[in-house]
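Below are the chains, spelled out letter by letter.
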Amino acid sequence: LKAFATAIILCFCTATFLSAKEPLRPEEKDYDVLLTAQEMLDSMDYGGALKMAMHAKNIRTQLCDWQLFILEKELSPAAVRSKGDYLPDVLQILKERNSFDAVQIISSLIEKKTDLFFDYSMKKLVSYISEKKAYPEADFICGKVYQFEGEYEMAMQFYDAAVQNADFLDIPAEKYEILYQMAYLAQQKNDNAEYEKYLLMILADDSLYYKNTVFCNAVMRTISSPAEKEPLKKFFSLYRVDSSNYLR
């Protein structure tokens, strides 16, 4: 009886310890807070915009910490581990075990990104959540605030962080908006080297202009010909842009 009582106490203490360690699930949605930050930015409330953007970043981090905790807890039982790393199998056993939070976390990511994005790997999905603490949209707003306030170095730091984490943008094309903003800022600083660098980073994804040297050389030879009277017009008649991201 004494041993049984001791075991009960140990279980209670362990449960209490684990419960104390569990991160809180944020009550606010990071994208709702980010929307408020954008509205404040549009109304030129720069202090409020910066505060809300940073708050959105904190919410994103808190959410990822909670998701990682839930998944680590629900993936640790032997019955789940026996299913290996194959995402559909892991998801199925979690459903059978009524691991509602874990199922919701995984299902929402699969719905948004597809299981193919994670190579059907549970480990890659967990790794993605860990890296998803980055919030490039919030960094972009922070950068704009500092730019409007004339703090160009701080602005560039936030823009650079946003570009480095561009894979986590909800709208992938926003990466080009960030790079254009960086190019514009470099132009404002009369830094032509940086200005060119960011413009070339935009074109780096263009399959023709930046990657097809045969095509580029042919265009350059044509518009550089001494017989060509209107080289700029000739350039635009030869070159076709596949995406509006590159037009500017």
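Residue numbers run consecutively from 1 along every chain, following the written order of its sequence. Whole-chain, interface and lining totals are the exception, using all residues; otherwise, since this is a predicted model, local features are given only for residues with pLDDT of at least 70 and side-chain atom pairs are given and counted only at 80 or more. Just so you know, side-chain values use all the structure's heavy atoms and leave hydrogens and water out.

(A) Region of interest: the packing of helix H5 (residues 87–96) against helix H6 (residues 100–113). Only the stretch in contact is used when a helix axis is fitted, and all axes are lines through C-alpha atoms; the angle between N-to-C directions ranges over 0 to 180 degrees. Helix and strand labels come from DSSP, where a helix needs a run of H or I of at least four residues and a strand needs a run of E of at least two; each type is numbered from the N terminus. One can describe the packing of H5 onto H6 by two numbers: an axis separation of 9 Å at closest approach and a directional angle of 145 degrees. Note that H5 runs across H6; the crossing there is left-handed. Between H5, through Leu 87, Leu 91, Leu 94 and Lys 95, and H6, the contact on the second element is made entirely by Ala 102, Val 103, Ile 106, Ser 107 and Ile 110. A breakdown of the residues in the contact of H5 with H6 according to their chemical character gives 7 nonpolar, 1 polar and 1 charged. A clockwise turn of the near helix away from the far one marks a right-handed crossing, whereas an anticlockwise turn of less than a right angle marks a left-handed crossing. Contacts are assigned to residue pairs that have any heavy atoms within 4.5 Å of one another. Residues are grouped as follows: nonpolar covers Ala, Val, Leu, Ile, Met, Phe, Trp, Tyr, Cys and Pro; charged covers Asp, Glu, Lys and Arg; every other residue, Gly included, is treated as polar.

(B) Quick look at the nonpolar core. Ranked by size, the top nonpolar core spans 38 residues in total, and within it Met 156, Tyr 159, Ile 178, Met 182 and Tyr 198 carry the most contacts. Looking at this core, the elements that each hand over two or more residues are helix H2 (30–42), helix H3 (46–75), helix H8 (136–148), helix H9 (152–164), helix H10 (174–188) and helix H11 (192–203). Per element, the largest residue contribution to this core is 8 residues, and it comes from H10. Here Tyr 198 is in contact with Met 156, Leu 179, Met 182, Ala 183 and Ala 186, once residues within four sequence places are set aside. Among the nonpolar cores identified, the runner-up in size contains 25 residues, and Leu 68, Leu 91, Ile 93 and Phe 118 belong to it. For our purposes a nonpolar core is just a set of buried Ala, Val, Leu, Ile, Met, Phe, Trp, Tyr and Cys residues, chained together by side-chain atoms within 4.5 Å. In this scheme, a residue with accessible area under 20% of its type's maximum is buried, one over 50% is exposed, and one in between is partly exposed, where area comes from a 1.4 Å probe on protein chains only.

(C) Just the packing of aromatic side chains, in detail. Centre distance within 6.5 Å is the pairing criterion for rings of Phe, Tyr and Trp, where only the six-membered ring of Trp is used; planes under 30 degrees apart are then read as stacked, over 60 as edge-to-face, and the remainder as tilted. Tallied over the entire structure, the rule returns 9 aromatic pairs. On the basis of an interplanar angle of 10 degrees and a centroid distance of 5.6 Å, the ring pair of Tyr 146 and Phe 158 is categorised as stacked. Residue Tyr 146 is located in helix H8, and its partner Phe 158 is located in helix H9; the two are separated by 12 residues in the primary sequence. Classification of Phe 158 as buried rests on a relative accessible area of 15%. A connected cluster of aromatic rings, assembled from ring pairs, spans Phe 117, Phe 118, Tyr 128 and Phe 168.

(D) Seen up close, the packing of H8 against H9. Packing of H8 against H9 leaves a shortest axis separation of 8 Å and a crossing angle of 165 degrees. By the angle between their axes, H8 is roughly antiparallel relative to H9. Our pair here, H8 against H9, has a crossing hand that is left-handed. Contact with H8, carried on its side by Pro 136, Asp 139, Phe 140, Cys 142, Gly 143, Lys 144, Tyr 146 and Gln 147, involves Tyr 152, Met 154, Ala 155, Phe 158, Tyr 159, Ala 161 and Ala 162 of H9 and no other residues of that element. Taken together, the residues of the contact of H8 with H9 sort by class into 11 nonpolar, 2 polar and 2 charged. Oblique is the label for every angle not falling under 35 degrees (roughly parallel), over 145 degrees (roughly antiparallel), or within 65 to 115 degrees (roughly perpendicular).

(E) A nonpolar patch on the surface, seen in detail. Note that patches include only residues with greater than 30% relative accessible area and no salt bridge, and the join distances are 9 Å for like charges and 5 Å for nonpolar side chains (Val, Leu, Ile, Met, Phe, Trp, Tyr). All accessible areas in this document rest on Shrake-Rupley with a 1.4 Å probe, and a residue is counted as covered only by the protein chains that are shown. In what follows, salt bridge is the name for a side-chain nitrogen of Lys or Arg lying within 4 Å of a carboxyl oxygen of Asp or Glu. Together, Tyr 86, Leu 116 and Tyr 120 line one region of the surface with nonpolar side chains, adding up to about 310 Å² of accessible area. Tracing the sequence through the fold places Leu 116 in the loop between H6 and helix H7 (122–131). Classification of Leu 116 by relative accessible area gives exposed; the value is 55%.

(F) Structural detail: unusual backbone geometry. Its identity is not glycine, yet Thr 114 carries a phi of approximately 75 degrees, on the positive side. Mapped onto the elements of the fold, Thr 114 is located in the loop between H6 and H7. Residue class for Thr 114 comes out partly exposed when judged on its relative accessible area of 38%. Notably, Tyr 120 is not glycine yet its phi reads approximately 55 degrees, a positive angle. Relative to the helices and strands, Tyr 120 is located in the loop between H6 and H7.

(G) The arrangement of the pattern of salt bridges in detail. The tally for this structure, following the rule as stated, stands at 9 salt bridges. Of the charged contacts in the structure, one is a salt bridge between Glu 194 and Lys 197, with a shortest N-O distance of 3.4 Å. Of the two residues, Glu 194 and Lys 197 both sit in helix H11, 3 residues apart, roughly one turn of that helix. By relative accessible area, Glu 194 is classed as partly exposed at 26%.

(H) Representation of the environment of Val 80 in the model. Among the secondary structure elements, Val 80 is positioned in helix H4 (residues 78–81). Classification of Val 80 by relative accessible area gives buried; the value is 2%. Sequence separation between Val 80 and Lys 197 is 117 residues; the distance between their C-alpha atoms is 49 Å. Ignoring anything within four residues of it in the chain, the contact list for Val 80 reads Glu 74, Leu 75, Val 90, Ile 93, Leu 94 and Arg 97.

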